[in-house]
Structures are given as C-alpha cells and as structure tokens.
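If you want the building blocks of each chain, they are given just below.
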Amino acid sequence: MTTDLAIEVAGLRKSFGELSVLSGVEFGVARGSVFALLGPNGSGKTTTVRILATLIRADAGHARIDGLDLVRDRHRVRRRISLTGQYAAIDGLQTGEENLRMMARLCGLRGGWARQRAAELLERFDLTGAGNRLVRTYSGGMRRRLDLAASLVGQPSVIFLDEPTTGLDVRSRQAMWEVVTSLTDSGVTVFLTTQYLEEADRLADRVAVLDGGRVLAEGTADELKERVAGQLLDLVTVDSAAFAAVTRALGDRAVALDRAALSVAVPTDGTAAHVRTLLDELDPGRQLLRRFSIRTATLDDAFIALTGHTATTPQPEKESARV
Amino acid sequence: MSDLATSPAAVPGRAHSPVGDTLVMIRRAVRLSRRNIDALLTAVLLPAMIMLLFVYLFGGAIRTSTEYVNYALPGVLVLCTGFVSAQTAVAVTQDLQEGIVDRFRSMDIGGAAILAGHVAASVVRTVWAGVVMLAVALLIGFRPDANAFEWLAALGIVQLFVLAVSWLAAVFGLLSRTPEGANGFAFFLMFLPYPSSAFVPIETMPGWLRPIAEHQPVTPVIETLRGLLIGMPGTDRAGVAVLWCTGIVLAAVAVAAVLFRRRTS
Ligand SMILES: Nc1ncnc2c1ncn2[C@@H]1O[C@H](COP(=O)(O)OP(=O)(O)OP(=O)(O)O)[C@@H](O)[C@H]1O
Ligand SMILES: [Mg+2]
C-alpha cells in the first residue's frame, strides 16, 4: 500500500462527553514535507495530534500513517512516529544525557550505541555542555530542545510537534525553527501545531486552519494569503464616527478591523484605478480618511478572514516551570 | 547537522522486548527515587524516629511478653515499609500528569513496564529503610534469635508485603489526579497497622475491634515476622500472610491494568 502521503486523515470526529471537539477533519500530508495545523486555543490541535500519535481513538473517521491504519496497525505505526507533546516530557531528576540514553535503550540500542546516540543528539541540539546536569536545572528553551532530541532518538519517519515554540523567547524560537527546517533535509515528515501564523508561514510547506472542529482552509501559506486577496488597502479614519461610517460602507469587505486604532483594511488588486475608486466610494467628502497604505496580505489577514477572529501573535512568555 | 542516521544500530522498525523495556523502566524509577531527596530522607529517617518513639515513649506503658523493642520491631518494620512503598502512588500520578507516559506509549512501551519500574524502585527503597531500621533496633536493644533460614523467610515476607502495598499504591496513583492526592495513600497506610497486633496486643483492644484487628492482612504478616525473628508463636500464620499478600498483588495488578487502559484512552 504505497502512497506519497505520510499522513491521511478523513472524516475525523472526536467528542469529550457533550463537547464536540473535532467534527469531520480531513487533510493529507506529503512525505518529507512540513505541515502546520494552525488554530486558536481549544480548537482541537492537541486532540488531533493525540489521535494521530495513537494515544486516543477517534469516535469516527479514519487516519493512516505511512499507509498503516492507526487502530489496526497501531503497534507498527508507533515504531514510525515520535511525539513531542505540548509540555516537555522528560525527567527532571535525570541528566540530559541519561534521558537520551534511556530513550535510546527503549529504541533497542545497546549500551555503547545508546551512549553514542545520546552524545550525537546532545551535540546536535547544542546541549553537550549541559548533558551532565539534571534537567531540573535547564531553562525552558533547553528543556524543549532536549524534548525534541529525545523524540529523534529512534529515527522516526513522521514527527509530531505540538506547539514546539509556545512559551519560548525569540532566540529559542529561532533556534527551534532551524532545527525543524533541518529535520526535513533528512527526509522525515513533520506535523506541527501552532497558534503562531508567523511560525506556520516560516516553516510549513502547507498549512491547515483548524477552527470550530473543522479544517476551514488548507493550502500553502501563499495560497491562504491569496484567499483574502493579494493586496490590502489599509485605511486609517479620522475619528470613531468616521470609522463607523467607513466600516458600514465596506460591509463584509472589511478585513482587519481595529476599532482602537481606527483602522480597517479592504482587499484590492493594487492598481491606481481601483484604489482611487475605493477611496472615492468610501470617502466622497474627503473628510473621513486620515491616511492610506497598500500592503501584501499576511497569513494573519487570512486567518481572521477565515475564522472571524484573531490568532495569537508570538509573545515571549516566562519560561514555564514544569519539571 | 542534518544527518540523523549515524548510529547503525538504530533500527526504526525493530520489535519491542517487554523484558528489555521493563529493565530500562526499573533503572529509571530507581534512579528517580534515589534522587528524590525528600522521599529518601522520609524513607530512612521516619522508620528510625518511629522506632525510637515507640520504644522509649510508649514502650514503658505497654505490657508484652517480651522486651518491648523485640515486640514492636516487626510492627514498625511493616508500618514503615508500608509507608515507603506507598510513595509509589505519587510517582505514578506524576508520570501520568507530566506527559511522559504519553511519550512512552507513543513509543509502544506498555503500561506494565512503566508501573513495574515504580514497584521495583519501591522494593529497593524499602530494603534501605529496612536496613536502617534494623540497625537502629539493634542499637537500642533488639535481640533477634533467628537463624539464616528464618532471616531469609522474614525478608521474603516483608518483600511480598512491600509488593502488595506498592501495587495497591500504583492503583491509587492511577486513580488520583494530583500527586498531593496520591500522597493520601501513604497516610492511609500509616494508620493501617494500628488496629492490629503491631504495637499493642490484640487482647487489650475493645471487643468490637478485635475481629477486625485479628483478620486484617497486616496482622498475620506481623505475627509471622515475630515468629521468625524473636521466636514468639506466629509462624503458623505464615500461610495466611502469604495468601493475603499474593491475593492483593494479583488483584492490584489486574485492576491497575484496567485503570491504566482507561486512564490513557
Ligand atoms: N481528555 C479531555 N476531556 C475533556 N475535554 C477535553 C479533553 N481533552 C481536551 N478537551 C477539550 O477539548 C477542547 C480542545 O482541546 P485541545 O487540547 O485539543 O485544544 P488545542 O487546540 O490543543 O488548544 P491549546 O492551543 O490551548 O493547546 C478543549 O475545549 C479542551 O478542554
Ligand atoms: Mg494544545
């Protein structure tokens, strides 16, 4: 059963009691690509990952990894995947080296090989100096790197990363991005979830937007941006009355409404004629608009247009204190 | 940097050996338990303190047919090994809560291996606690009259009891949502030996309590130990003690298997 899809998902449903989290999720992930599942808090990203990593069962629908059924062939599936959960799953009371060596043993490597594998991964994730310290003393970024290293010990062909950079500062996030990019060079398939549009834009070959239990849109980051229109005309109004008048005139063409900044965006093809027409239409008396500018649509705009609400923008958070 | 495939022995599709996985899990749990300083101190200091407490504070007031330290040691041994084994519950809950169980499961490591690791660590911990307790007891006048065979048999009974408590603790750990909650099991275990012949002869208890004290699982364990170590009558209850402990181990393992599956799906 060969297919060029590493992950195939169709009609996936999952409820927790009354709460329906996934209601018919579909997508496919090409082998060797990076796929980002993008969605706000509580949209079911972790639930999807847990189903795909064989930790919980879907209520309906089916999913295959490397052509293997998640339920029937789950033991074989587990030998091909690795999971890096939303929270680091490593032992705080073991050193980094001990954690990796343990994982290597669990993947069937004997003493010397396990040691060598642990050393390689420490080196690769820039943790060699900290290898002999208890993980409890690691920073959040180091713990995340070790967590990812631990999931690579067994050389999986499909890697799940659940919000790999949530809670990391800018530098750690950048380092994590480099690692993820380097993973695909060695031919593995990466499935990651994120709340950050920028992250999906940077890393993913294809992006799916998950909200309300369904995939609202799927495609490359560029395709999603074009869903909104290639270009946007940003308008800043003079006061809140003007803002109300302009947004009323725009109706559902209005994209990035920002009441506080008195700004709103409208799709355009970017030609002088179209921009002039829009400006005349919205502000015939030439008193409502303070400024305008034209920009290329971002994934943010696409997200808002698709889901009707904003996604989270990356913010350096305090390192979480989980050990 | 990008080359992941440098270790030739890493076979992605290799089959798991449950025995190998369990050995790795045992090493992990023993290591974690050794480095958990609080738990370790409790495991070693508490028995010594309880021993001193009973012998010097209560010992004068309690009449037994032998030196009180001789009478009390088996009870203290059972109380403390029980308490130390009960910490297994906390370890199990923590693993579940911190997501490492998810990682192990996604690697196709069975729940049995994970739980067995913690139970084995518990056995190792109690051996240390037992050694400290014996040393303190000998210092304050404990005079066993056991031969090598009787010592071995005593060790066997204690370990069987530890296994029973540890598996029960694992069940409790699977039931609790937080490590704090799991800790409650240790307190339950702390009180279990009191209504038994551990510290006071059962004849001195009120009538309604006597049948309970007589037939609860801790009593035959303690009396067997007393018989083996200080030659008091009691070895005839060894069969009951072994039955109780084996029964508890089997039942707890079965319940743990069901709970593990339910908790993780
Ligand atoms: N085991 C469970 N029992 C009950 N409800 C659950 C369970 N797991 C998840 N949920 C609920 O399902 C919804 C989706 O959760 P999920 O963790 O998949 O979201 P998410 O997209 O990963 O969110 P976040 O960005 O916060 O991580 C939430 O409302 C959550 O409370
Ligand atoms: Mg999540």
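Going by the annotation in an unreviewed UniProt entry, the name recorded for chain B is Transport permease protein, with Prauserella shujinwangii given as the source organism.

In the nomenclature of an unreviewed UniProt entry, chain A corresponds to ABC-2 type transport system ATP-binding protein from the organism Prauserella shujinwangii. Taken from UniProt, the Sequence similarities (unreviewed entry) comment for chain A reads in full: "Belongs to the ABC transporter superfamily. Drug exporter-1 (DrugE1) (TC 3.A.1.105) family." Quoted straight from UniProt, the Subcellular location (unreviewed entry) entry for chain A says "Cell membrane".

Novice: Account for the site of ligand 1, with residues named and values stated.
Specialist: All names here are of chain A. In the neighbourhood of ligand 1, 14 residues make up the surrounding shell, with Gly42, Lys45, Thr46, Thr47 and Glu163 lying closest. In isolation ligand 1 exposes 640 Å². Once the protein is present, 60% of that is buried. Broken down by secondary-structure element, the contributors of at least two residues to the shell around ligand 1 are strand E2 (19-30) and helix H1 (45-52). Per element, the largest residue contribution to the shell around ligand 1 is three residues, and it comes from H1. Looking at the shell around ligand 1, its residues break down into four nonpolar, eight polar and two charged.

Novice: I'd like a description of empty space enclosed by the protein, backed by residues and values.
Specialist: By the definition in use, this model includes five cavities of 30 Å³ or more. Considered as a void within the structure, the second largest cavity measures approximately 100 Å³ in volume. Lining the second largest cavity are Gln94, Glu98, Arg101, Met102 and Arg105 of chain A together with Val24, Arg27, Arg28 and Arg31 of chain B. Looking at the lining of the second largest cavity, the elements that each hand over two or more residues are helix H3 (96-106) of chain A together with helix H1 (18-35) of chain B. Class assignment of the residues belonging to the lining of the second largest cavity gives a composition of two nonpolar, one polar and six charged.

Novice: So, the coordination of the magnesium ion (ligand 2): which residues are in play, and what are the values?
Specialist: Ligation of the magnesium ion (ligand 2) by protein atoms is provided by Thr46 of chain A (OG1) and Gln86 of chain A (OE1), these donors lying 1.8 to 2.2 Å from the ion. Here threonine 46 of chain A is found in helix H1, whereas its partner glutamine 86 of chain A is found in the loop between strand E6 (81-84) and H3, with 40 residues between them in sequence.

Novice: Tell me about the packing of helix H4 (residues 111-124) of chain A against helix H5 (residues 140-152) of chain A, and name the residues and values.
Specialist: Residue and element names in this part refer to chain A. Their axes nearest at 10 Å, the elements H4 and H5 cross at an angle of 140 degrees. In terms of their interaxial angle, H4 and H5 are classed as oblique. Viewed along their axes, H4 and H5 form a crossing whose handedness is right-handed. When H4 is examined against H5, the residues Arg117, Leu121, Leu122 and Arg124 are found in contact with a partner set consisting of Leu146, Ala149 and Leu152. Partitioned by chemical class, the residues of the contact of H4 with H5 number five nonpolar, no polar and two charged.

Novice: So what's going on with a nonpolar patch on the surface? Residues and values would help.
Specialist: A surface patch of nonpolar side chains, amounting to about 410 Å² of accessible area, comprises Ile37, Leu41, Leu45 and Met49 of chain B. By secondary structure assignment, the location of isoleucine 37 of chain B is in helix H2 (residues 37-58).

Novice: Now, about the sheet that holds strand E11 (residues 231-237) of chain A: what can you tell me, with residues and values included?
Specialist: All names here are of chain A. Strand order in the open sheet made by the three strands is E12-E11-E13, with antiparallel pairing throughout. In this open sheet, the two edge strands, each paired with only one partner strand, are strand E12 (263-268) and strand E13 (289-296). In this sheet, adjacent strand axes meet at a mean angle of 25 degrees when their direction is disregarded. The sheet contact formed by E11 and E13 spans seven bridges and is antiparallel. Among the inter-strand pairings, leucine 235 is bridged to a residue of E13, identified as phenylalanine 292.

Novice: Account for the environment of threonine 264 of chain B, with residues named and values stated.
Specialist: Mapping threonine 264 of chain B onto the fold places it in the segment after helix H10 (238-263). For threonine 264 of chain B and serine 85 of chain B, which are 179 residues apart along the polypeptide, the C-alpha to C-alpha distance reads 24 Å. With sequence-adjacent residues up to four places away left out, threonine 264 of chain B is seen in contact with Leu55 of chain A together with Leu96, Val101 and Arg105 of chain B.

Novice: Which residues make up the nonpolar core, and what values do they have?
Specialist: If you look at the biggest cluster of nonpolar residues, it comprises 128 residues, and the most contacted ones within it are Leu100 and Leu106 of chain A together with Val76 and Phe104 of chain B. When residues of this core are assigned to their parent elements, the largest contribution, 17 residues, is made by helix H3 (residues 68-97) of chain B. Core analysis: the next-biggest nonpolar cluster, separate from the first, contains 29 residues, Leu22, Leu37, Ile51 and Leu70 of chain A among them.

Cut-offs and rules
- Residues numbered from 1 in each chain as written.
- Chains lettered and ligands numbered in written order.
- Predicted model: local features only at pLDDT ≥ 70, side-chain atom pairs only at ≥ 80, totals over all residues.
- Heavy atoms only, no water.
- UniProt positions renumbered as here; feature names shortened; annotations may be inferred.
- Near = heavy atom within 4 Å.
- Areas by Shrake-Rupley, 256 points an atom, 1.4 Å probe, with all protein chains shown as cover.
- Helix = DSSP H or I, 4+ residues; strand = E, 2+ residues; numbered from the N terminus.
- Nonpolar A, V, L, I, M, F, W, Y, C, P; charged D, E, K, R; others polar.
- 1 Å grid on protein atoms, 1.4 Å probe; cavity = no way out; pocket = protein on both sides within 12 Å on 5 of 7 lines; lining within 4 Å.
- Points joined across faces, edges and corners; volume = space filled by probe spheres on them.
- Donors = N, O, S within 2.8 Å, 3.2 Å for Na, K, Ca; no water.
- Axes fitted to C-alpha atoms, helices over the stretch in contact; angles between N-to-C directions.
- Parallel < 35°, antiparallel > 145°, perpendicular 65-115°, else oblique.
- Left-handed = near helix turned anticlockwise from the far one by under 90°.
- Contact = heavy atoms within 4.5 Å.
- Patch = residues over 30% accessible without salt bridge, like charges linked within 9 Å, V, L, I, M, F, W, Y side chains within 5 Å.
- Salt bridge = Lys/Arg side-chain N within 4 Å of Asp/Glu carboxyl O.
- Pairing = 2+ DSSP bridges.
- Core = buried A, V, L, I, M, F, W, Y, C linked by side-chain atoms within 4.5 Å.
- Buried < 20%, exposed > 50% of the residue type's maximum accessible area, 1.4 Å probe, protein only.

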